[in-house]
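Structural overview for review
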Amino acid sequence: MFAKVTFAALLSVMAVPAMAAQCEATIEGNDAMQFNTKEIVVDKSCDEFTVTLVHVGKLPKAAMGHNVVITKAADRQGVANDATSAGPANDYLKPNDERVIAHTKMLGGGEKDSVTFKTDALEAGGDYDFFCSFPGHWAVMNGKVVVK
Ligand code: CU
């Protein structure tokens, strides 16, 4: 009897981490203008999701700045074009751009920033991208935000 209860308790403890949704993702950007992932998965069972960007390079923001911007895939190029126009004073992102679902700060080497957003903003199965809005970076520094 004792052994049976203990086994059941152990099973329930083991089941918790296996079923808990992953509500955050970390992306690294480097001095070679690369992210270390092409996809992040947002689980809608999370009320909120946190994306952390770590700039693992050494170059300053002015030369090799990176951020993570999340938009609908269809909005990516337009947001990136406006970001370039917004210039360094705005960290290469149009202020209050309504197409932007979430974004981190623009970082230089060695810096780190996180952004937390409500998953209500995303539809399961929708087509979303993440990218860096530094001029010229979006075309290579991008990936899919898979929403399930
Ligand atoms: Cu970048």
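Here, every reference points to the structure presented above.
Criteria and thresholds
Residues numbered from 1 in each chain as written. Predicted model: local features only at pLDDT ≥ 70, side-chain atom pairs only at ≥ 80, totals over all residues. Heavy atoms only, no water. Pairing = 2+ DSSP bridges. Helix = DSSP H or I, 4+ residues; strand = E, 2+ residues; numbered from the N terminus. Axes fitted to C-alpha atoms, helices over the stretch in contact; angles between N-to-C directions. Disulfide = S-S within 2.5 Å. Buried < 20%, exposed > 50% of the residue type's maximum accessible area, 1.4 Å probe, protein only. Donors = N, O, S within 2.8 Å, 3.2 Å for Na, K, Ca; no water. Tetrahedral: all angles 85-135°; square planar, octahedral: opposite > 155°, others 65-115°. Salt bridge = Lys/Arg side-chain N within 4 Å of Asp/Glu carboxyl O. Polar contact = N/O pair within 3.5 Å; in protein donor to acceptor, adjacent residues only side chain to side chain. Contact = heavy atoms within 4.5 Å.

**Some details on the sheet that holds strand β5 (residues 102–103)**
- The five strands are arranged β2-β8-β7-β4-β5 in an open sheet whose pairing can be described as mixed. Whereas interior strands pair on both sides, the edge strands pair on one side only; in this sheet they are β2 (39–42) and β5.
- Of the pairings in the sheet, the one linking strand β4 (residues 69–72) to β5 comprises two bridges and is antiparallel in character. Residue Val69 lies in a different strand from β5, and its bridge partner there is His103.

**Brief notes about the sheet that holds strand β6 (residues 112–118)**
- Spatial strand order, β1-β3-β6: three strands in an open sheet with mixed pairing. Every interior strand has two partners, whereas the edge strands, β1 (24–29) and β6, have only one. Neighbour to neighbour, the strand axes of the sheet diverge by 20° on average, direction disregarded.
- The sheet contact formed by β1 and strand β3 (residues 48–55) spans six bridges and is parallel. Across the sheet, residue Gly29 finds its bridge partner in β3, namely His55.

**Comments concerning the pairing of β3**
- The pairing of β3 with β6 spans seven bridges and is classified as antiparallel. The partner of Val54 across the bridge, within β6, is Lys112.

**Points about the state of the cysteines**
- All chains considered together, the criterion is met by one disulfide.
- Across a sulfur-sulfur distance of 2.0 Å, Cys23 and Cys46 are joined as a disulfide pair. Between Cys23 and Cys46 the disulfide shows an S-S torsion of about -90°. By sign, it is left-handed. A residue pair is termed long-range when its members are at least 10 positions apart, and Cys23 in the loop between α1 (2–19) and β1 and Cys46 in the loop between β2 and β3 qualify at 23 residues.
- By relative accessible area, which is 2% here, Cys46 ends up buried.

**Some remarks on the coordination of the copper ion**
- Donor atoms from the polypeptide that coordinate the copper ion comprise Gly65 (O), His66 (ND1), Cys132 (SG) and His137 (ND1), at 2.1 to 2.6 Å from the metal.
- For the copper ion, the four donor atoms are set out with angles of 77 to 130° between them, so the coordination reads as irregular.
- All donor residues of the copper ion come from one chain, and their arrangement in sequence is G-H-x65-C-x4-H.
- With relative accessibility at 0%, the residue His66 sits in the buried group.

**Some thoughts on the pattern of salt bridges**
- Counted by the stated rule, this structure contains eight salt bridges.
- Asp129 is paired through a salt bridge with Arg76; the nearest N and O atoms lie 3.6 Å apart. Of this pair, Asp129 sits in strand β7 (residues 128–131) while Arg76 sits in helix α3 (residues 76–86); the two residues are 53 residues apart in sequence, bridging distant segments of the chain. No difference in accessibility class separates Asp129 from Arg76, as the two residues are buried.
- Here Asp129 and Lys144 are joined by a salt bridge, their closest N and O atoms 2.7 Å apart. Of this pair, Asp129 sits in strand β7 while Lys144 is found in strand β8 (residues 142–147), placing the two residues 15 residues apart along the sequence.
- If you follow the salt bridges from partner to partner, you end up with Arg76, Asp127, Asp129 and Lys144 in one network.

**Quick word on the side chain of Ser133**
- Its location among the elements puts Ser133 in the loop between β7 and β8.
- Polar contacts involving the side chain of Ser133 include one to the main-chain carbonyl oxygen of Tyr92, which spans 2.5 Å.
- Not counting residues within four places of it along the chain, the set of residues in contact with Ser133 comprises Asn67, Val69, Ala83, Asp91, Tyr92, Leu93 and Met106.

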